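# Geometric and topological summary
The residues making up each chain are set out below.
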Amino acid sequence: MLEKLIAYHCAPALAGIKVSNMFACYKDKYPNAKDEIVLLNYELNKKNIYIEIICECEKRLLLIVYRKNKLQEQLRRNNVTTFLNSYGYSGCTSISDYLNVLKERLKNKEFPHEIGVFLGYPIEDIYGFLYHKEEGCLLVGEWRVYSDEENAKVMFLRFKKCRAALLKRVNDGNTLAQIFCAA
């Protein structure tokens, strides 16, 4: 069931405590994934939750799950805009614009490490990864941490608890629409 996979990989974004989450979905295991995404979006978009395919190859789909307001807020931050402009995102004014550039960059041979911005990683940690790789890395969890290790530990634990709570509800038979669209 695709919903269980989404719940596992994207619980923090679904719950609104993270900007977005991304994960790969293998087509042979989820042959109806595109149809399921359409149906999920029909329900979840009402609560500002979106699921998009940002990259597709023969074997898999790369999906992003985000809360539109959270991602807009992230992309409007001055330091984020400046950072993304240096990677070819200048002129972007909407989430669609930014995601379209990201989709194009994902087609290149070199992985677009600015993807961390879309995932809500601290900009200092993105710079740390880009310019220092292993040197100076304080912690590895949801991302590589180069600054504010204590806050990152708190967030990692929060994400873990959120994931466990959401998976329990899904395993109990609730759909994502039931969980997030009930109110």
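First, a word on scope: everything that follows refers to the structure included in this document.

Rules used in this analysis
- Residues numbered from 1 in each chain as written.
- Predicted model: local features only at pLDDT ≥ 70, side-chain atom pairs only at ≥ 80, totals over all residues.
- Heavy atoms only, no water.
- Phe/Tyr/Trp six-rings, centres within 6.5 Å; stacked < 30°, edge-to-face > 60°.
- Helix = DSSP H or I, 4+ residues; strand = E, 2+ residues; numbered from the N terminus.
- Buried < 20%, exposed > 50% of the residue type's maximum accessible area, 1.4 Å probe, protein only.
- Lys NZ or Arg CZ within 6 Å of the ring centre and 35° of its normal.
- Contact = heavy atoms within 4.5 Å.
- Pairing = 2+ DSSP bridges.
- Axes fitted to C-alpha atoms, helices over the stretch in contact; angles between N-to-C directions.
- Disulfide = S-S within 2.5 Å.

Our next topic: the packing of aromatic side chains. Summed over the entire model, instances satisfying the criterion amount to 9 aromatic pairs. For the pair tyrosine 89 and phenylalanine 118, a centre-to-centre distance of 5.8 Å together with 50° between the ring planes defines the contact as tilted. Placement of the pair is tyrosine 89 in helix H4 (residues 78–89) and phenylalanine 118 in helix H6 (residues 115–118), with a sequence separation of 29 residues. According to the relative accessible area criterion, tyrosine 89 is buried, its value standing at 0%. The exposure class assigned to phenylalanine 118 is buried, which follows from its relative accessible area of 0%. Between tyrosine 127 and tyrosine 131, the ring centres sit 6.0 Å apart and the planes meet at 15°, which makes this aromatic pair stacked. Highlighted residues: tyrosine 127 and tyrosine 131, both in helix H7 (residues 123–132), separated by 4 residues, approximately one helical turn. Among the aromatic residues, those joined into a ring-pair cluster are Phe83, Tyr87, Tyr127 and Tyr131. Geometry around tyrosine 8 places arginine 163 over its ring, the cationic atom sitting 5.3 Å from the centre.

A separate point is the side chain of asparagine 41. Its location among the elements puts asparagine 41 in helix H2 (residues 33–44). Residues within four places of asparagine 41 in sequence aside, it is in contact with Ile49, Tyr50 and Ile51.

Take the pairing of strand S1 (residues 20–26) next. Of all the 7 residues making up S1, 5 are buried; the element is thus mostly covered by neighbouring parts of the structure. In this structure, S1 lies alongside strand S3 (residues 60–67), joined through 7 bridges in antiparallel fashion. Considered in S3, the bridge of tyrosine 26 is made with arginine 60.

Before going further, it helps to spend a moment on the sheet that holds strand S2 (residues 49–56). The 3 strands are arranged S1-S3-S2 in an open sheet whose pairing can be described as antiparallel. A strand with exactly one partner marks an edge of an open sheet, and here the two such strands are S1 and S2. Averaged over all neighbouring strand pairs, the angle between strand axes comes to 25°, with direction disregarded. Note that S2 and S3 share 7 bridges and pair antiparallel. Among the inter-strand pairings, isoleucine 53 is bridged to a residue of S3, identified as leucine 63. Seen against the sheet, H2 touches S1, S2 and S3 and runs at an angle of roughly 155° to S2.

It is worth spelling out the state of the cysteines at this point. Counted according to the given criterion, the structure contains 0 disulfides. For cysteine 25, which is in no disulfide, the shortest distance to another cysteine sulfur is to cysteine 10 and amounts to 11 Å. In this structure cysteine 55 is a free cysteine whose sulfur lies 6.6 Å from that of cysteine 57, the closest cysteine sulfur available. What makes cysteine 55 partly exposed here is its relative accessible area of 28%.

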